[in-house]
Amino acid sequence: MPVDHFGERIAARYDEASGVEMFDPEVVRATVDVLAELAAGAPVLELGIGTGRIALPLSERGLCVHGIDLSPAMISRLRAKPGADRLGVTVGDFASVRAPGTFGLAYLVFNTIMNLTTQDEQVACFRNVADHLVPGGHFVIEVGVPALQRLPAGEVVRPFRVTATRLGFDEYDVATQGLVSHHYTFVDGRAEQVSIPFRYVWPAELDLMARLAGMTLRHRWSDWGREPFTSDSTTHVSVWEKPQEGPE
């Protein structure tokens, strides 16, 4: 079982600390629009459901949403929100745990695939998703493109947020595709620090993981607005499809 890095201390401030842009109504709406269209009314599975930023508005669209999450503390925050009683939740590692039923759509948003810190775990996640999907179902991942081009020669640390109350730095280990995000928050004159490990992953690598799980890339955009993915894109939203069953 992977380590739960989202315990009570993180969960208590997760929505606030994740950034205003993440909860911007237009960002949420664009995300939910794409996911609802791909679901086409079928049940939906969110891997890393967290506090329900996307699952709750998807459920409000009339979709049946089930989530998997490793963190009881995060799920507790989700359960305290209006509408959470409509969601099913399974506690466990989304690379391996089985949720009840089958789904027309599974998705991972906001870099959550990188919470799996080995290639084997990421490969297992794709296979687990394929086992959950009905034929013709879709798997969606939103994740950043590794920012190695933005690292000065010989440097391994890149700031991603610098404000009067918050500092954030990503520390890269290029040899292992390791990434540790260091977060510093200043509250009432005190500095709070947390570091969370990730494994960054390239788009082509994700495509190979999908192929190993029997899925095929259908779309790749730079964002939820479906802008084209280019060499300058800093994020991507990728959609893979499980094949339809062939004739008997």
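Scoring rules and cut-offs
Residues numbered from 1 in each chain as written. Predicted model: local features only at pLDDT ≥ 70, side-chain atom pairs only at ≥ 80, totals over all residues. Heavy atoms only, no water. Helix = DSSP H or I, 4+ residues; strand = E, 2+ residues; numbered from the N terminus. Rg over C-alpha atoms; globule rule 2.2 N^0.38 Å. Contact = heavy atoms within 4.5 Å. Areas by Shrake-Rupley, 256 points an atom, 1.4 Å probe, with all protein chains shown as cover. Lys, Arg positive; Asp, Glu negative; His and termini not counted. Charge placed at Lys NZ, Arg CZ, Asp CG, Glu CD. Pairing = 2+ DSSP bridges. Right-handed = clockwise from strand over helix to strand, strands pointing away. Axes fitted to C-alpha atoms, helices over the stretch in contact; angles between N-to-C directions. Parallel < 35°, antiparallel > 145°, perpendicular 65-115°, else oblique. Left-handed = near helix turned anticlockwise from the far one by under 90°. Nonpolar A, V, L, I, M, F, W, Y, C, P; charged D, E, K, R; others polar. Buried < 20%, exposed > 50% of the residue type's maximum accessible area, 1.4 Å probe, protein only. Salt bridge = Lys/Arg side-chain N within 4 Å of Asp/Glu carboxyl O. Polar contact = N/O pair within 3.5 Å; in protein donor to acceptor, adjacent residues only side chain to side chain.

Enquirer: Quick rundown of the overall build of the protein chain? Include the residues and the values.
Expert: A tally of helices and strands in the protein chain yields 7 helices and 11 strands. Taking 2.2 N^0.38 as the reference for a compact globule, 248 residues should give roughly 18 Å; the C-alpha atoms of the protein chain span a radius of gyration of 18 Å, in line with that estimate. Once local pairs closer than 6 in sequence are excluded, the contacts in the protein chain between residues at least 24 apart make up 59%. With an accessible surface of roughly 12000 Å², the protein chain has 55% of that area assigned to carbon and sulfur atoms. For the protein chain, the separation between the mean place of its 22 positive charges and that of its 32 negative charges on side chains is 1 Å.

Enquirer: Which residues make up the pairing of strand E3 (residues 88-91), and what are the values?
Expert: In the sheet, strand E2 (residues 65-69) pairs with E3 via 4 bridges, with the strands oriented parallel. What sits directly across from Asp69, in E3, is Val91. One crossover worth recording links E2 to the parallel E3 by way of helix H5 (residues 72-79), and it is right-handed.

Enquirer: Hey, could you go over the packing of helix H6 (residues 119-132) against helix H7 (residues 203-212) for me, with residue numbers and the actual values?
Expert: Look at H6 against H7: their axes get within 8 Å of each other, and the N-to-C directions meet at 50°. Looking at the two axes, H6 sits oblique to H7. Note on packing geometry: the crossing formed by H6 with H7 is right-handed. Contact residues: H6 offers Gln119, Gln122, Val123, Phe126 and Arg127, while H7 offers Glu205, Leu206, Met209, Ala210 and Leu212. The residue inventory of the contact of H6 with H7, partitioned by class, reads 6 nonpolar, 2 polar and 2 charged.

Enquirer: Run through the side chain of Asp69, naming residues and quoting values.
Expert: By the secondary structure assignment, Asp69 is in strand E2. There is no salt bridge for the buried Asp69, and the closest opposite charge comes from Lys81, which lies 11 Å off by N-O distance. A distance of 3.2 Å separates a polar atom in the side chain of Asp69 from the backbone nitrogen of Ile49.

Enquirer: I'd love a proper account of the pairing of strand E7 (residues 166-173), names of residues and values included.
Expert: Only one face of E7 is covered, namely the one carrying Arg166, Gly168, Asp170 and Tyr172; the face carrying Leu167, Phe169, Glu171 and Asp173 has none of its residues buried. The sheet contact formed by strand E6 (residues 157-162) and E7 spans 5 bridges and is antiparallel. Following the sheet pairing, Val157 is matched in E7 by Glu171. Adjacent in sequence and paired antiparallel, E6 and E7 are bridged by 3 residues. Of the strand pairs in this sheet, E7 and strand E8 (residues 178-187) are connected by 8 bridges, and their pairing is antiparallel. Its bridge partner lying in E8, Tyr172 is registered against Leu179. Between E7 and the antiparallel strand that follows it, E8, lie 4 residues; Gln177 among them carries a positive phi value of about 55°.

Enquirer: Explain the sheet that holds E2 residue by residue, including any values.
Expert: Overall, mixed pairing links the 7 strands, which are arranged E3-E2-E1-E4-E5-E11-E10 in an open sheet. Two strands close off the open sheet at either side, each with one partner strand: E3 and strand E10 (216-221). Between one strand axis and the next, the sheet turns through 20° on average, direction left out of account. In this structure, strand E1 (residues 44-47) lies alongside strand E4 (residues 103-108), joined through 3 bridges in parallel fashion. In the sheet register, Val44 faces E4, and the bridge partner there is Leu105. In this fold H5 packs onto E2 and E3, with an angle of close to 165° to the strand it touches most, E3. Against the sheet, H7 engages strand E5 (133-144), E10 and strand E11 (235-241), with an angle of about 15° to E11.

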